[in-house]
Amino acid sequence: MVACGGGDSSRVAWRDLELTVPDGWTVFEEEDTRLSLANQPLGAEIDEDDLPEGEVVAMFFTHRPGVTPGEWRDHIEETGATLEVDEATEVGGVPATRLQFLTPSRDVAATNRELVVVVPARGVELLAQPVPLPGDDDAPGTFDRTVATFDEVIDSISWGVPIE
């Protein structure tokens, strides 16, 4: 990971992309095919007894060659989720597809709103979502309050030379 200076936020380089990590957020997972960041420490950084408090949101970047928006549309349909947004967009000047969906649940506490951005030319998929904790019954509301931050991260992405 490479963080570049200036202000409280930092630039992070992963594979062939760079992005700005929002102020107060942390990178909690970095592998060759995966980058994960969140507004609170997650993953191996925390003990089960030290669960974060308040609203927890995360973004997961995965390198998956051959990924298509159609795979995600199929997944959304198969899980019975409600597709709320399906639109062509660009990420750092590269064509992409933005899919936003509401995941159903028998239990209101498990209902969640999620965002997937697929960039086929770079083999990258990005999942942005709340991370509901026990007793959290407002994950869709958390998403709505955080979507602007998700968009800021997406808008900050720039690409370098593609990595195979």
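### What to know about helix α1 (residues 69-78)
At step 1: For α1, the full list of buried residues reads P69, W72 and I76. Angular distribution of buried residues about the axis of α1 spans 60°; they occupy a single face of the element. Exposed side chains of α1 directed beyond 90 degrees from the buried face belong to E77 and E78.
At step 2: Buried positions along α1 lie against β7 (82-91), β8 (94-103), β9 (112-119) and β10 (124-130).
At step 3: Trailing α1 by a residue or two, G80 shows a phi angle of about 80°, which is positive.

### Remarks on the environment of T103
At step 1: Within the secondary structure, T103 is located in strand β8.
At step 2: For the pair T103 and E114, spaced 11 residues apart in sequence, the C-alpha separation works out to 7.6 Å.
At step 3: Every residue in contact with T103, bar those within four places of it in the chain, is listed here: A81, T111, N112 and E114.
At step 4: Among the polar contacts listed, one links the side chain of T103 to the side chain of E114, at a separation of 2.7 Å.

### Points about the side chain of N112
At step 1: Along the chain, the position of N112 falls in strand β9.
At step 2: According to the relative accessible area criterion, N112 is buried, its value standing at 7%.
At step 3: Within the structure, N112 has its side chain in polar contact with the backbone oxygen of P130 (distance 3.4 Å).
At step 4: Contacts of N112, omitting those with residues within four sequence positions, involve F101, L102, T103, Q129, P130, P132, A139 and P140.

### Quick notes on the pattern of salt bridges
Once their charged atoms are close, side chains differing in charge can pair, the charge on each being opposite to the other.
At step 1: Applying the stated criterion to the full structure yields 12 salt bridges.
At step 2: With its nearest N and O atoms 2.7 Å apart, the salt bridge here joins R122 to D16. One end of the pair, R122, is in the loop between β9 and β10; the other, D16, is in the loop between β2 (10-14) and β3 (17-21), with 106 residues separating them in the sequence. Comparing R122 with D16 shows no difference in burial state: the two are buried.
At step 3: Residue R64 is joined to E125 by a salt bridge in which the shortest nitrogen-to-oxygen separation is 3.1 Å. Separated by 61 residues along the polypeptide, R64 in the loop between β6 (57-63) and α1 and E125 in strand β10 bring together distant segments of the chain.

Reading guide: rules and limits
Residue indices follow the written sequence of each chain, beginning from 1 at its first position. Given that this is a predicted model, residues contribute local features only at a pLDDT of at least 70 and side-chain atom pairs are listed and counted only at 80 or more, while totals for whole chains, interfaces and linings are drawn from all residues. Excluded from the side-chain calculation are hydrogens and water; included are all heavy atoms of the structure. For every residue, the accessible area (1.4 Å probe, protein chains only) is compared with the maximum for its type, and the residue is labelled buried under 20%, exposed over 50%, or partly exposed between those bounds. Strands here mean DSSP runs of E at least two residues long; helices mean DSSP runs of H or I at least four residues long; both are numbered from the N terminus. Comment: arc refers to directions from the helix axis out to C-beta atoms. Any two residues whose heavy atoms approach within 4.5 Å at even a single point are treated as in contact. Think of a polar contact as two N or O atoms within 3.5 Å of one another; within protein, one of them needs to be a possible hydrogen donor and the other a possible acceptor, and neighboring residues in sequence only count if both atoms come from side chains. Counted as salt bridges are all cases of a side-chain nitrogen of Lys or Arg within 4 Å of a carboxyl oxygen of Asp or Glu.

So far we have only geometry, and geometry alone does not tell us how the molecule works.
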